[in-house]
Amino acid sequence: MNNQKNHEKDILKEYIDPERIEKAPEGFLLKTMARVRIEAGTGPVKERLLIRNLVPALAVLITISLVAFVILLPDTNGTSLIRAIAEKTGIAGVSLPQLNMDLLSGFSFPSIVSYLLIGIFMLMLFDRVLSIFFRRNA
Amino acid sequence: MEYKGDIYYIDLVLRGNLNAFSFIIDRHKDRMFNLAFRICGNREEAEEVAQDAFLKAFRSLKSFRKKSTFSTWLYRIVYNTSISLVRSRKNKLLSLEDFPADMIDFMRITPDEDEAEREYKNSLVNFALQKIGDEERGIITLHYYDELSIEEMSAVTGISRANIRVKLFRARQKMTEIIRTSEKKENFRQSTLHTSNFPNHE
C-alpha cells in the first residue's frame, strides 16, 4: 500500500518510458558474432596451440634428445644402456660410435661459461613467460 | 521467426551450434545496450561493454546453472562490466551544472510537439542519471526501464534487498530534485521568452 502511494507520487514514472530504450547500434549483432567466432576458434585469427608453440616445442624435443643421447652414449667398457639393450634383444650389427676422450684433453671451458649458460637458460624462461602473459592480455 | 526461449538456444550452442548464439544476442542486445548506456553515459563505451558482456556470457555458458533466468544472468554481466569500466576511467565525464537544453531546442529537431517533449524528457533523465552514483544509475535503469523486482535487482547487482530499497529511494530523490530544478529553470526561461515577445506599445 505504501509502495502504491510512493509510485503515485513518483515523478520519474512520468519521465521514464520503459519502451523508449537506447537501441544497440547498427551492425552490433554481426560485430559481436565475429568476436564470438574468433573466441570459439573457428575464425581465421585463432592460432592452434601446437602451431603457436611449435618452435619452443621443437627446441625442447631436440634438447631432450641430445641429453638422452649423451646419457646413452656407449663407454669403452661396454656397459652402456644401449649396448646392454642391444645385447639383450640380440639386434645384430648394432654399432655406435665411441667418443674418443683424448681428443678433448687439453680443451677446457672457462668457468664463466657455466654461469653464462645458466643465465641464457633463465632469460629464455623469462622471455617465454612474458610472451605467454602478453599474448593472453592482447 | 518465433523465438523459442533462451534455454533452447543455449543447449544448441553447448552442442556446438555457434549460430544459435546470434538468436540470443538479437533477443537481448537492446536491453543490455540500454543498461550499459545508462551506466556509462555514452554510446561508444556502451557498445564495447555490451559486446564484452556477450563474449563473457559465451565463454561461461557452461557455468550457467539455470537457477536464475538467463536475462538476469546476462544483466549481471553487463552491470558488472559497466561498473568496472566506469570506475577504471582515468578522466571522468564532464558533469554539467545545468541541463544544457530546453524544450525549444527539441522543437527545432522535430516539428512534432509530443515527440519533442518525449525527447526533452529522455535527455533530462540522461542528464539527471549522470549526476548520481554508478550503482544508483544501474538500479534506476533496472527498476524503471527493465521493470525488475527488488529480488531480481538484488540478484543482478549483488546488493542486498534492503540496501537496494535504500539506494533506489535515494536515487529517486536525487533525480526528482534534479528534474524539478531543471523544470523550474525551463519554466522561467519560457516565461522570460514569452514576456520579451510582447510588443512594446510605448
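Residue numbers here run from 1 along each chain, matching the order of that chain's written sequence. As they are written, the chains are lettered A onward and the ligands numbered 1 onward, keeping that order. The predicted origin of the model limits local features to residues at a pLDDT of at least 70 and limits the giving and counting of side-chain atom pairs to 80 or more, whereas totals for whole chains, interfaces and linings rest on all residues.

**With respect to the environment of A:Arg20**
Stage number 1. Only DSSP runs of H or I covering at least 4 residues are called helices, and only runs of E covering at least 2 are called strands; the numbering of each starts at the N terminus. Here A:Arg20 lies in the loop between helix H2 (12-15) and helix H3 (28-40).
Stage number 2. Any pair of residues counts as being in contact when their C-beta atoms, constructed from backbone geometry, are within 7 Å of one another. If near-sequence neighbours (up to four positions away) are discounted, A:Arg20 is found in contact with B:Arg118 and B:Asn122.

**Some thoughts on H3(A)**
Stage number 1. Taking 1.5 Å per residue, 13 residues should reach 18 Å; H3(A) reaches 18 Å between its end C-alpha atoms and fits that length.
Stage number 2. Here a residue counts as buried when 20 or more other C-beta atoms sit within 10 Å of its C-beta, as exposed when there are 12 or fewer, and as partly exposed otherwise, the C-beta atoms being derived from the backbone. Those residues of H3(A) that sit buried are A:Phe28, A:Thr32 and A:Val36. Projection of H3(A) onto a plane perpendicular to its axis shows the buried side chains occupying an angular sector of 60°, all on one side.
Stage number 3. Of the surrounding secondary structure, the elements contacted by the buried residues of H3(A) are helix H2 (20-40) and helix H3 (43-59) of chain B.
Stage number 4. Immediately downstream of H3(A), the backbone of A:Gly41 shows phi near 90°, a positive value. An expected span of 1.5 Å times one less than the residue number is assigned to each helix. By construction, the arc corresponds to the directions joining the helix axis to the C-beta atoms.

**Details of the confidence of the model for chain B**
Stage number 1. The predictor attaches a confidence to each residue, called pLDDT, with possible values from 0 through 100. Looking at chain B, the pLDDT average stands at 86 and 83% of residues meet or exceed 70.
Stage number 2. Scoring the predicted complex yields pTM 0.65 and, for the interface, ipTM 0.82.

**Structural notes on the interface of chain A and chain B**
The figure often quoted for interface size is the accessible area lost as the parts come together.
Stage number 1. Each partner contributes to the interface: chain A provides 24 residues, whereas chain B provides 31 residues.
Stage number 2. Among the elements of the structure, H2 and H3 of chain A are those that each provide at least two residues to the side of chain A that touches chain B.
Stage number 3. Examining the composition of the side of chain A that touches chain B, we find that 10 residues originate from one element, H3(A), more than from any other.
Stage number 4. Residues are grouped as follows: nonpolar covers Ala, Val, Leu, Ile, Met, Phe, Trp, Tyr, Cys and Pro; charged covers Asp, Glu, Lys and Arg; every other residue, Gly included, is treated as polar. Residue composition of the side of chain A that touches chain B, by class: 13 nonpolar, two polar and nine charged.

**Examining H3(B)**
Stage number 1. The end-to-end C-alpha separation of H3(B) is 24 Å, in line with the 24 Å expected for 17 residues at 1.5 Å each.
Stage number 2. Listed in full, the buried residues belonging to H3(B) are B:Ala46, B:Glu47, B:Val49, B:Ala50, B:Gln51, B:Ala53, B:Phe54 and B:Ala57.
Stage number 3. Residues of H3(B) that are buried in the fold lie against H3 of chain A together with H2 and helix H4 (70-88) of chain B.

**Examining the packing of H3(B) against H4(B)**
Two packed helices can be described by the angle between their axes and the distance between those axes.
Residues and elements named next belong to chain B.
Stage number 1. With axes taken as lines fitted to C-alpha atoms, and helix axes fitted only over the stretch in contact, angles between N-to-C directions fall between 0 and 180 degrees. Remark: H3 packs on H4, axes separated minimally by 9 Å, with the N-to-C direction vectors making an angle of 135°. Considering their axes alone, H3 and H4 lie oblique with respect to each other. Crossing hand, H3 versus H4: right-handed. Residues Glu45, Val49, Ala50, Asp52, Ala53, Lys56 and Ala57 of H3 form the contact with H4, whose own contacting residues are Leu74, Ile77, Val78, Thr81, Ser82 and Leu85.
Stage number 2. Its residues assigned to classes, the contact of H3 with H4 comprises eight nonpolar, two polar and three charged. Should an angle fall under 35 degrees it is taken as roughly parallel, and over 145 as roughly antiparallel, whereas 65 to 115 is taken as roughly perpendicular and any remaining angle as oblique. When the near helix sits turned anticlockwise from the far one by under a right angle, the crossing is termed left-handed; a clockwise turn instead gives a right-handed crossing.

**Quick word on the nonpolar core**
All names here are of chain B.
Stage number 1. For our purposes the nonpolar core covers buried Ala, Val, Leu, Ile, Met, Phe, Trp, Tyr and Cys residues that link as a set through C-beta atoms within 7 Å. Among the nonpolar cores identified, the biggest contains 47 residues, and Met32, Ala36, Ala50, Ala53, Leu74 and Val78 are the most heavily contacted of them.
Stage number 2. Top contributing element to this core by residue count: H2, with 10 residues.
Stage number 3. Every residue in contact with Val78, bar those within four places of it in the chain, is listed here: Met32, Leu35, Ala36, Val49, Ala50 and Ala53.

**What to know about the packing of H4(B) against helix H7 (residues 134-145) of chain B**
All names here are of chain B.
Stage number 1. Following both chains from N to C, one finds H4 and H7 inclined at 150°, their axes separated by 10 Å at the closest point. One element, H4, and the other, H7, form an angle in the roughly antiparallel class. Seen along the crossing, H4 lies across H7 with a hand that is right-handed. Across the interface between the two elements, Tyr75, Tyr79, Ile83, Val86 and Arg87 of H4 pack against Asp134, Glu135, Gly138 and Leu142 of H7.
Stage number 2. Considering only residue class, the contact of H4 with H7 consists of five nonpolar, one polar and three charged.

**Description of unusual backbone geometry**
Stage number 1. Its identity is not glycine, yet B:Glu147 carries a phi of approximately 55°, on the positive side.
Stage number 2. Note on placement: B:Glu147 falls in the loop between H7 and helix H8 (150-157).

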